[in-house]
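Listed below, chain by chain, are the residues.
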Amino acid sequence: MDELQKKIDSLDRNRIPVHVAMIMDGNGRWAQKKGFARSEGHAEGISTVHRVTKLSSDLGVKYLTLYAFSTENWNRPPEEVATLMYLIGWAIERELPELLRNNVRIHLLGDIDRIPQEARERLFYAREATAHCTGLQLNMCLSYSSRWEITEAARVLARKAAAGEIDPESISEEVFASSLTTAGIPDPDLLIRTGGEERISNYLLWQIAYSELYFTPVLWPDFSDAEYVDAIIDYQNRERRYGKTSEQVRNNE
Ligand code: FPP
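Structural notes, computed from the coordinates. On a predicted model such as this, the values are computed, not experimentally measured, just so you know. (Residues numbered from 1 in each chain as written. Predicted model: local features only at pLDDT ≥ 70, side-chain atom pairs only at ≥ 80, totals over all residues. Heavy atoms only, no water.)

## Structural notes on the pattern of salt bridges
Applicable threshold: Salt bridge, as applied in this entry: a Lys or Arg side-chain nitrogen positioned within 4 Å of an Asp or Glu carboxyl oxygen. Residue exposure (1.4 Å probe, protein chains only): buried if accessible area is under 20% of the type maximum, exposed if over 50%, otherwise partly exposed. In this description a helix means any DSSP run of H or I spanning at least four residues, a strand means any run of E spanning at least two, and both kinds are numbered starting from the N terminus.
In the structure shown here, the tally under the stated rule is 19 salt bridges. Between Glu197 and Arg199 there is a salt bridge, with the nearest N and O atoms lying 3.6 Å from each other. Of the residues examined, Arg199 reaches a relative accessible area of 45% and is grouped as partly exposed. The closest approach of N and O atoms between Glu212 and Arg240, which form a salt bridge, is 3.8 Å. A residue pair is termed long-range when its members are at least 10 positions apart, and Glu212 in strand E6 (residues 212-215) and Arg240 in the loop between helix H8 (225-236) and helix H9 (246-250) qualify at 28 residues. Taken as a pair, Glu212 and Arg240 share a single burial class, namely buried. A single salt-bridge network, built from bridges that share partners, covers Asp189, Glu212, Asp234, Arg238 and Arg240.

In C-alpha cells, the structure reads:
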C-alpha cells in the first residue's frame, strides 16, 4: 500500500471537514524559482485545483471554496490579470466533463460582473451545466474580497430598512449571514493557506470566525494530495471549543 493510501486510511471518516476553504498562494514564486514566467505557475496551479477537487470529492468533503482571484488581484500587471482570466475560462471549460463525472456542482462567489465576458460566459455555462449535481460543491471566489462582500450585505440591509421592509432590530447574525454571498453554505471547518504567508488576505472574514487555520510553506503548484491529507489529519487532532472549556466539549454540553 502506498504512503498516500496509508494516510487516507488513517483518517477518521466521521470527522471529515464538511467545508474546506483554500488560499492558493505561491504560483508566482514557484514559476520564478524555476526561471519560468509567473503565468506558468498559474497554469501549473490548475493541476493542483484539479487534484484537490478530486480528492475532496473522494473524501466526502461537501464544500470546497477556492480563492481564485481577489478584488485586490485586479491591481496586478494587466498581462498577468489577462492570463489569469484566460486560464480560469479555459480551465473551467476543460474540466467540465470531469466535474460532471464526479457529480461536482460549481458555485460562483464574488463580483462576477467584473470578470471579462469570455471567461464569465464559460463560468456561467459550467454553473448551469452542473446545477443538478449533488456531490461536492466547488465554490470559486472570483473578484472576491470579504470587505467587499460585507459592505454589499450592509448596503442591501440598509436599503431594506430605509424602505421599511425590515426592522433594524431584526438584523441578527443569522440575518446578516444570509445576506452574504455564502448564504446557505455552512462556515468553513478548515482553512488552508499554501505558500508560507500566515495571513487571511481579506478572505471569508465573517465565515472563518471558528474555522481551524492551517498554514503550509509548500507552494500551491507543489501542494500534493499527501499534504492535503496531512492538513486534514492535523484538523482532526484539534479540539474545536467554540469558546467553551475542554471539559464542556468532552462532556458534549
Ligand atoms: C496566488 O499566487 C494565486 C493566484 C492569485 C491565482 C490562483 C489561481 C489559480 C491557481 C487558477 C485558478 C483556476 C481555477 C479554475 C479555480 P501568487 O501569484 O500570489 O504567488 P506568489 O505569492 O508566489 O507571487
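Let us keep going from here.
## Topic: the environment of Arg250
By the secondary structure assignment, Arg250 is in helix H9. Of the residues examined, Arg250 reaches a relative accessible area of 61% and is grouped as exposed. Separated by eleven residues in the primary sequence, Arg250 and Glu239 have C-alpha atoms spaced 9.3 Å apart.

## Points about the site of the ligand
Condition: Here, proximity means that at least one heavy atom of the residue falls within 4 Å of the molecule or strand. Polar contacts here mean pairs of N or O atoms no more than 3.5 Å apart (in protein, one a potential hydrogen donor and the other a potential acceptor; neighbouring residues in sequence count only if both atoms are side-chain atoms). Calculation of accessible area relied on Shrake-Rupley with a 1.4 Å probe; when residues are assessed, cover is drawn exclusively from the protein chains displayed. Any residue with an atom within 4 Å of a point lines the site, the site being either a cavity, points on a 1 Å grid over the protein atoms alone where a 1.4 Å probe fits but cannot get out, or a pocket, an open set with protein on both sides within 12 Å along at least 5 of 7 lines. A cavity or pocket is said to hold a molecule if more than half of that molecule's atoms lie within 2 Å of its grid points. Gly is put with the polar residues, along with every residue not named as nonpolar or charged; the nonpolar set is Ala, Val, Leu, Ile, Met, Phe, Trp, Tyr, Cys and Pro, and the charged set is Asp, Glu, Lys and Arg.
Taken together, 18 residues lie around the ligand, and Asp25, Gly28, Arg29, Arg38 and Arg76 are the ones closest in. Gly26 places a polar main-chain atom, nitrogen or oxygen, 3.3 Å from an oxygen atom of the ligand. Within the complex, the protein chains bury 91% of what would otherwise be the 630 Å² of accessible surface of the ligand. Taking a 2 Å distance to the grid points as the criterion, the majority of the atoms of the ligand fall inside the largest pocket. Where the shell around the ligand is concerned, the elements lending two or more residues are helix H2 (27-33), helix H3 (38-59) and helix H4 (78-101). Considering every element that reaches the shell around the ligand, the biggest residue donor is H3, with four residues. The residue makeup of the shell around the ligand, split by class, is eight nonpolar, six polar and four charged.

## Looking at unusual backbone geometry
Of note, Asn103 is a non-glycine position whose phi angle comes to about 65°, a positive value. Here Asn103 shows up in the loop between H4 and strand E3 (105-109). For Ser143, which is not glycine, the phi dihedral falls at a positive 50°. By the secondary structure assignment, Ser143 is in strand E4 (residues 137-144).

## Some details on the layout of surface pockets
Stated formally: Grid points are joined across faces, edges and corners, and a volume is the space filled by probe spheres set on the points.
Taken as a whole, the largest pocket encloses approximately 820 Å³ of empty space. Met24, Asn27, Tyr67, Ala68 and Phe69 are, among the 39 residues lining the largest pocket, the residues nearest its centre. Elements with a minimum of two residues in the lining of the largest pocket: H2, H3, strand E2 (63-70), H4 and E4. Residue composition of the lining of the largest pocket, by class: 18 nonpolar, eleven polar and ten charged. If you add up the space inside the second largest pocket, you get close to 210 Å³.

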